[in-house]
Every structure is written in C-alpha cells, then in structure tokens.
Amino acid sequence: MKYNMNILNKTLDNSLHVILIQKPDYVKSLFMLGVPAGGFDVVQKNQDEIVKHSSGCAHFLEHQMFRLNQRDVTQDFAKMQAQTNAFTSYTETAYYFQTTSDIEKPLALLLDFVENLDIDQQSVEKEKGIILSEYNMYEQNPEQRLLMNTWRALYHKHPLKIDILGNKGDISNMTPETLTQFYQMNYDPSRLTLVGVTGKDINKIMDFVIEHQKGVASKIQGDIARIMPEEPKEVVLKESIEYMDITMPYVCVAYKLNPVDTIMDAMRLDIALQMRMDSLFGPLNPEYQTWMDEQIISQVAFAECDFNVDHGYVIFVAQTYKVQEFIDLVDMLVKKIKEPIDPSIYHALSTKLISQNIRSLDSFDSLAIEMMRAHFENYDYLKSLELVKEMDPSVIEDLCSHMDFSYRSIIEILPNESKSSK
C-alpha cells in the first residue's frame, strides 16, 4: 500500500473511466467527475470534422450543468449532507462533492446531472448576466488584468490569450444550441473520468458505479482531439502599459519559451526551473531582504514557470513603485539562471518540495484533481511525485542551460494619475 492508500482503476463497458482511492481511517469522502475540455478547447476535431466553439463554452456550460429535471441539484446535495462545487481550467472541467455521510445517493446524483444536459433559453439568458458580472469583476482586479495582459502580449494564436470565461461578445451571444454541441462532443462517458477519494470500501463503490452506469451508453465514435494553432516564437508586444485606479504599479517581466516534447519532460523542466528561480528570487537568497528594504519588491512578488507540449513561459511579477529597478533586477536574475545552484539552497528547496508532495496526498481535492489530470494526459501521477528525487544541482544546471530567454515582454499596470506624466 504505497503512500498509505489503495487505488482501484477500471474502464467500464460504456468507457467511463473510474479511479477509486481508499484512504484508510478517513471519514471524509470526495468524488469528482471530470472531462478533458476547458478554456483551450476552442477548436476540436471529431474524426474528419473540425468544430470551432465559442470562447468560454466550457466555463458557461459548467455554470449551466447544476440542473436536473429543472431543479437546482445544489439543494439536493445539501439535503444529503454533501457540499458540491465545480471548476473550469484551461484543460478540464470538473464537478465534485464532499461529505462525511453516506455517498451512494450524492454519487448517483453527481453522475446523473453531469451525464444529462438540462438547459433552455431562459436558463442560458439568466446565466449570461452572472458570467458577465464575473468577467467585469476580474477586469477590475489588477493582478488578474496583469496576467491576462501578459498572455495577450506573449501569444499570437495560442488560446492562453483568451480568458477561460471567454470574450464578452461570445458570452453575450451564447445559445443553448452552441452549448449543446459542446456538451455532446465532450460529455460522453468515453470522455468522462470519475475519481473518488474515501475511507470506505472501494470495491463496493466500484460495484455501485458499474450498476449505475448499465443504462448509460457512449454515443461518440472515435476520439475528440483539441486542435492547437501553430504559435510563432516571437512575442506579440515587447511592452504593454495600461492604467487603472490603483496606488502602486504592478509589473510583469515575461519570457516566452519553447514547448517540450512530452508531459514528463514538461514536469521535469518545471521542477528544475522553478527550483532555480526560487533559489534566486526568494527568501533563501540573502539579497532578497535587501530588495524588500529598498522597496524594489513588496509583499506581492513571485516568479513562476509553466511548460507543456504546446507552450512554455517564465514570469516575474511584483507590485512596486520602482518599476525600472525591478525590471533591471529580473534581467540580472535571468542571466544567473544558467549558473550552478548553491547546493545548500538546493537541499532546502528539495526537502520542502518532497514534503509538500507528501502532504498533498492528504488533500482530497488536490489528490482527485491530480489523479484525474494524470489520466487525461496519460501519465502516472504517483511516479511524477518521484521526479523531484531525480533532481540534483547538476541536473538542474543542465536543464536550465538550454533555456532561451530571447523573447521578452514587459507588462505594466500603472495608477491613473501617472498617465499625465507619461
């Protein structure tokens, strides 16, 4: 029993994939039903047919899904002593509930409402106002605006440049027919994955799911594929400035990097480069406090990277009055990324990361998401946790030495009053 849990995997006759994880002695249960379709799924291919969806389809549909027989299932879950929620990311949409009570009724309800679409013109029209309000709220958040402006400055065609919520025009023009087409392409049992994390008997739960799914058939022939546009290496904008009602400027120094060949390569590079950046732009660097004291950075300051088979980037973000000093600081740090990491700092970061990985296994929602995502992207999540143990200073240096930081964008959100001084 690795990591003190039992795992049961099975693909049912209707192609629904089920992953059940038993955590002995836990009273809590969490079940998540997900589909590998999110903000990136603007263009999809079904056999020889290319389908272009409205932006924001995945997120809009998520909002509409909590209906069954014209009832709000949230209230039904509450009566069963279960809390329910959902999320849409760039690559997946998932619905889940958690409870410390019996799981059969809420589990059946989860499967029922996700596997049955219940929308009409009235429900779609009502949802438009809710999502547009959410869109406007994000637009008024300077950190959210900074990141969206960053993706728009970096990417010509990649759907990262499109908000997961979609654009205002597509939200306003969303129709039941548009959502139904997206649903039928993506919510087939052959595309769904159910993940359960529980202390209960997972063999009995598997039998329950199998019995429940006997009357649910798969209707899709062939695979549904996400079509990603070919992206130039160059950035769209080398500089982007916008003004908002804020007191302290926000700035992001962003680098557009090459994608990688496989998911495991991406995760390996993520770990190596993030550790190197944390060693340079974090409290373990003795100079970090000096930058704070000199107000080059503030409490809002971070650096992160993300790699996948279709994109790669590194960003340094700060809220600071000293915008140019921060940009100069990042330029200096980026030049050091390819230098060897201090062994003592590496050891501290490695120990911290291993501990975080182990603790994450006791977070039911995090564990369910990662197991679901690993199935969608065809890798072993538990094996991926071991990648950090394969690292050492020489591996990090080798992986970072191949980074090309030639393509840079500087994105700023400045106070309105500074506009007159420009």
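Summary of the structure given here. (Residues numbered from 1 in each chain as written. Predicted model: local features only at pLDDT ≥ 70, side-chain atom pairs only at ≥ 80, totals over all residues. Heavy atoms only, no water.)

Some words on the overall build of the protein chain
Helix and strand counts for the protein chain come out as 15 helices and 16 strands. Taken along the three principal axes of its C-alpha coordinates, the protein chain extends 65 × 50 × 45 Å. Counting over 422 residues, the protein chain shows a buried share of 52%. In the protein chain, 81% of the contacts between residues at least 6 apart in sequence involve partners at least 24 apart. Counting 40 positive and 62 negative side-chain charges, the protein chain places the averaged centre of each group 1 Å from the other. (Helix = DSSP H or I, 4+ residues; strand = E, 2+ residues; numbered from the N terminus. Buried < 20%, exposed > 50% of the residue type's maximum accessible area, 1.4 Å probe, protein only. Contact = heavy atoms within 4.5 Å. Lys, Arg positive; Asp, Glu negative; His and termini not counted. Charge placed at Lys NZ, Arg CZ, Asp CG, Glu CD.)

Overview of the packing of aromatic side chains
Taken as a whole and judged by the stated rule, the model has 17 aromatic pairs. Centroid distance Tyr 183 to Tyr 187: 4.8 Å. Interplanar angle 20°. Geometry classified as stacked. Accessibility expressed as a relative area gives 9% for Tyr 183, which makes it buried. Relative to Phe 405, the ring of Tyr 255 has its centre 5.4 Å away and its plane inclined at 90°; by these criteria the two rings are edge-to-face. Linking Tyr 255 in strand 13 (residues 250-257) with Phe 405 in the loop between helix 15 (393-400) and strand 16 (408-415), this pair joins segments that are 150 residues apart in sequence. Tyr 255 gets classed as buried once you look at its relative accessible area, which sits at 3%. A relative accessible area of 15% places Phe 405 in the buried class. What links up through ring pairs into an aromatic cluster is the set Phe 31, Phe 66, Phe 77, Tyr 95, Phe 97, Phe 113, Tyr 183 and Tyr 187. (Phe/Tyr/Trp six-rings, centres within 6.5 Å; stacked < 30°, edge-to-face > 60°.)

A look at the pairing of strand 10 (residues 193-198)
Regular strands place side chains that alternate from one sheet face to the opposite one. In terms of burial, strand 10 is largely enclosed, as six of its six residues are buried. Because side chains alternate across strand 10, one face comprises the buried residues Thr 193, Val 195 and Val 197, and the other comprises Leu 194, Gly 196 and Thr 198, equally buried. Pairing geometry for strand 2 (residues 17-22) and strand 10, over six bridges, is parallel. Looking at the pairing, Gln 22 lines up with Thr 198 of strand 10. As paired strands, strand 3 (residues 29-35) and strand 10 are joined by six bridges and run antiparallel to one another. Residue pairing in the sheet places Leu 33 in a bridge with Leu 194 of strand 10. (Pairing = 2+ DSSP bridges.)

Some thoughts on the sheet that holds strand 16
One open sheet accounts for five strands, arranged 12-16-13-15-14; its pairing is mixed. Each of the sheet's edge strands pairs with one partner strand only, and the pair in question is strand 12 (239-244) and strand 14 (301-307). Within this sheet the neighbouring strands show an average axis-to-axis angle of 15°, counted without direction. Pairing of strand 13 with strand 16, which is carried by six bridges, proceeds in the antiparallel orientation. Within the sheet, the bridge partner assigned to Tyr 250 lies in strand 16 and is Ile 413. Contacts from helix 11 (residues 323-336) reach strand 13, strand 15 (312-319) and strand 16 within the one sheet, and its direction differs from that of strand 13 by about 30°. (Axes fitted to C-alpha atoms, helices over the stretch in contact; angles between N-to-C directions.)

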